[in-house]
Amino acid sequence: MSVSSLNDEFDRLVQDLLQTWHVPGLAIAVIDGASTFSKVSCHIRITALILTRYEGYGLASLPDVPVTPETVFFTASTTKSFTAASVSLLIDEAVSTEATEKIPPGFSWTSTISSVIPEDFALENEYATSRVTFEDALSNRSGFPDHLKSFKPKTTSLQDGIRSLRHLPLAAELRSQYLYSSYMFSAVSHAIESMTGQGLGEFMRERIWSPLNMTNTYWTPQEVKEAASRGITLAHGYAWNASTEAYTEEAIPNFPVVSGAGAIISNVLDYTKWLRCMMTQSGPISRAAHSALIEPHIYYTEQATNPFPAPHAYALGWRIDSYRGRRLIWHTGSWTGYGSTMMYLPDLQWGLVMMGNTTGTSNYVQTALYMHLLDELLETPVCERIDWSMKMLELRDRRRVDNGNALVRLYPELPCSVDAPLLSLEGYTGRYHHAGYGDMEFELRGNELVASRLLYEVAMVIRMVHVTGESWTAKLEVVNQDPRDHDIVRARFHVTDDGIAGQIGLDLEPALQGQMICFERVAP
């Protein structure tokens, strides 16, 4: 791909996609061998062998702050590749003369996490606890599912978050199934901090970011706030409100438990330096570590948002796929108000980075764009190209239809004559608790039974609808999400012989295939 490939036609495609998906701003950098083309503002800069071209794609913050090359975004789960690389540095250190007392003798990818943080890391059973390795955790094959809706409030420390894992059910046997799990990367980050005596962000800055001259990469919102005095702008995250046809600004994410799973804040220019390190297999990562990081560890077939042909693979903090005979190494990230993508094709020394400022829809735009760029690069015949934006619109609309039919889907054998609940609505109010998921406090709002979980990472209101007897549906109304996209799940109250609602179960983790998360009543 040459500079001329990022032409007016490409610009129009970007603008059309931003409008279709309601994304305020987007930064794009394309790497081709020795050149980098970064499409974010209107000028060209040439330094040494690197040519960088910038063209404006929308706004970093409303109403009039444009995205620039230096604009930083939360990069979410692309952080995972850095966490895996950090482990590789400690493995290399363990076999060198520089090994420290805190790094266990013989520390390797197959060392168990519990051997490093035995007091803090425990899973549902002893078998899994004693056998989950760093390799397992970093390749999403631990058997531990995402449990996304259990992620803790910002007042919860990383250590306390990891200590709560013992209360969250496993969904598969160890190494038997691909189950994406941000918690496992956070557990690894806690282990790294235990071994190094440093915060993970501090370790990455010293051992990875500084050697790569990634000068505008940060770990916390506070660091970005301090960098604002030097002219660094953090893109604001937004959600589109279809009812008002206006953007709503999202709260800045700030949850310590996310840590090694998704904490990094950076820009496309710094991320091209990271991709170049990976593409060229250069320092500060060793050659042996480079090979280990991108070796597939588990294969899987199902992933609705992956546009590449199955089977898919996951290495250590990286996805591995192929397209038209070319190997792709990549990862995406999505967090409240932000979406990012990074990928490279090692055989062609070609790569890209994209960062946007909405949840989900930024990634849809990026999918359509990187598939367009790959088709251009690989000279896909026009008749074989797919309109990925249209496909994702169709996928979104099917999900919305499915939500509209949630009652039939969740309760296919619902009787014609339904049973009344055993208690009045007020009888179900009160605070319920789960040791892993935290509190669920139900109250009456008019004639509705509602619980608010607004302080958790996935901030939501849970709205209950009675079905029959003690069976209900729960609508999970994530803050600022389009109501048509709210998940609707099964729920069930348990009423004791004393006539008290003693427990509520909710189907909060899809990987558990119907096993509910049960909250016990702790207060009226």
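To keep things clear, this report deals only with the structure shown in the data block. As the structure is a prediction and not an experimental result, all values here were calculated from the model.

1. So, the overall build of the chain
- Of regular secondary structure, the chain possesses 13 helices and 24 strands.
- By its C-alpha atoms, the chain is 80 × 55 × 45 Å across when sized along the principal axes.
- Split into buried and exposed, the 524 residues of the chain put 56% on the buried side.
- For the chain, long-range pairs separated by at least 24 residues make up 62% of all intrachain contacts whose partners lie at least 6 apart in sequence.
- In the chain, which carries 41 positive and 60 negative side-chain charges, the distance between the mean positions of the two groups comes to 2 Å.

2. What to know about the pairing of strand E13 (residues 319-323)
- Burial runs high along E13: 4 of the 5 residues are buried.
- Here strand E12 (residues 312-314) pairs with E13 via 2 bridges, running antiparallel. Among the inter-strand pairings, Tyr314 is bridged to a residue of E13, identified as Arg319.
- Where E12 hands over to E13, the hairpin turn is made up of 4 residues, of which Gly317 adopts a positive phi near 80°.
- Two strands pair when backbone bridges link them, and E13 and strand E14 (residues 326-335) are joined in this way by 5 bridges, in the antiparallel orientation. Across the sheet, residue Arg319 finds its bridge partner in E14, namely Trp330.
- Counted between consecutive antiparallel strands, the loop separating E13 from E14 contains 2 residues, among which Arg324 sits at a positive phi close to 50°.

3. Thoughts on the nonpolar core
- In this structure, Phe107, Phe121, Trp274, Trp318 and Met464 are the most contacted members of the largest nonpolar core, which totals 121 residues.
- Aside from chain neighbours lying at most four places away, what touches Phe121 is Ile113, Ser114, Thr129, Val132, Ile162, Leu165, Arg166, Met184 and Ala187.
- Membership of the second largest hydrophobic core comes to 33 residues, among which are Leu18, Phe308, Ala368 and Leu369.

4. Considerations on helix H12 (residues 388-404)
- The first and last C-alpha atoms of H12 sit 24 Å apart over 17 residues, in line with the 24 Å expected at 1.5 Å per residue.
- Within the span of H12, buried status applies to Trp388, Ser389, Met392, Leu393, Leu395, Arg400 and Asn403. Projection of H12 onto a plane perpendicular to its axis shows the buried side chains occupying an angular sector of 160°, all on one side. Projecting away from the buried face of H12 at angles above 90 degrees are the exposed residues Arg398, Val401 and Gly404.
- Each element contacted by the buried residues of H12 is listed here: helix H1 (8-21), helix H11 (361-377), helix H13 (406-410) and strand E22 (487-495).
- Sitting at the head of H12, Asp387 places a side-chain oxygen 3.3 Å from the backbone nitrogen of Ser389.

5. Considering the environment of Ala523
- As for its placement among the helices and strands, Ala523 is situated in strand E24 (residues 517-523).
- When the C-alpha positions of Ala523 and Gly502 are compared, they lie 9.8 Å apart, and in sequence the two are 21 residues distant.
- Setting aside its immediate chain neighbours within four residues, Ala523 contacts Gly430 and Arg431.

6. Focus on the pattern of salt bridges
- As enumerated under the stated definition, the model contains 18 salt bridges in all.
- Where Arg141 meets Glu135, a salt bridge forms, and the shortest distance between an N and an O atom there is 3.0 Å. Each member of the pair, Arg141 as well as Glu135, is classed as buried.
- Each of the salt bridges in this network shares a partner with another, and the network as a whole consists of Glu135, Asp136, Arg141 and Arg175.

7. Examining the sheet that holds strand E18 (residues 438-445)
- Around the barrel, which closes on itself, the 8 strands sit in the order E17-E18-E19-E20-E21-E22-E23-E24 with antiparallel pairing between neighbours. Across this sheet, the average inter-strand angle for adjacent strands is 30°, counted without regard to direction.
- Note: strand E19 (residues 448-453) against strand E20 (residues 460-468), 5 bridges, orientation antiparallel. In the sheet register, Ala451 faces E20, and the bridge partner there is Ile462.

8. Observations concerning the packing of H1 against H12
- With their axes 12 Å apart at the nearest point, H1 and H12 run at an angle of 10° to one another. Classified by the interaxial angle, the pair formed by H1 and H12 is roughly parallel. Taken together, the residues of H12 that come into contact with H1 (itself represented by Leu17, Thr20 and Trp21) are Ser389, Met392, Leu393 and Arg396.
- Considering only residue class, the contact of H1 with H12 consists of 4 nonpolar, 2 polar and 1 charged.

9. Notes on the side chain of Thr361
- The topology assignment puts Thr361 in helix H11.
- There is a polar contact of 2.6 Å between the side chain of Thr361 and the side chain of Thr358.
- Setting aside residues no more than four positions away along its own chain, Thr361 makes contact with Trp21, His22 and Val23.

10. Examining unusual backbone geometry
- Of the consecutive residues Leu62 and Pro63, the connecting peptide bond is found in the cis state with omega at 10°.
- Here Pro63 shows up in the loop between strand E5 (59-61) and strand E6 (65-66).
- For the bond from Gly283 to Pro284, the omega torsion is 10°, close enough to zero to count as cis.
- In this structure, Pro284 sits in the loop between helix H9 (268-280) and helix H10 (287-293).

11. Digging into the pairing of strand E16 (residues 350-356)
- Of all 7 residues that make up E16, 7 are buried, and the element is covered over most of its length.
- The alternating pattern of E16 places Trp350, Leu352, Met354 and Gly356 on one face and Gly351, Val353 and Met355 on the opposite face, and all of these are buried.
- As judged from the 7 bridges shared by strand E15 (residues 338-345) and E16, these two strands associate in the antiparallel manner. The residue of E16 that forms the bridge with Leu345 is Trp350.
- Between E15 and E16, which pair antiparallel one after the other, the connecting turn spans 4 residues, and Gln349 there sits at a positive phi close to 50°.

Criteria and cut-off values
- Residues numbered from 1 in each chain as written.
- Predicted model: local features only at pLDDT ≥ 70, side-chain atom pairs only at ≥ 80, totals over all residues.
- Heavy atoms only, no water.
- Helix = DSSP H or I, 4+ residues; strand = E, 2+ residues; numbered from the N terminus.
- Buried < 20%, exposed > 50% of the residue type's maximum accessible area, 1.4 Å probe, protein only.
- Contact = heavy atoms within 4.5 Å.
- Lys, Arg positive; Asp, Glu negative; His and termini not counted.
- Charge placed at Lys NZ, Arg CZ, Asp CG, Glu CD.
- Pairing = 2+ DSSP bridges.
- Core = buried A, V, L, I, M, F, W, Y, C linked by side-chain atoms within 4.5 Å.
- Expected span 1.5 Å × (residues − 1).
- Arc of directions from axis to C-beta.
- Polar contact = N/O pair within 3.5 Å; in protein donor to acceptor, adjacent residues only side chain to side chain.
- Salt bridge = Lys/Arg side-chain N within 4 Å of Asp/Glu carboxyl O.
- Axes fitted to C-alpha atoms, helices over the stretch in contact; angles between N-to-C directions.
- Parallel < 35°, antiparallel > 145°, perpendicular 65-115°, else oblique.
- Nonpolar A, V, L, I, M, F, W, Y, C, P; charged D, E, K, R; others polar.

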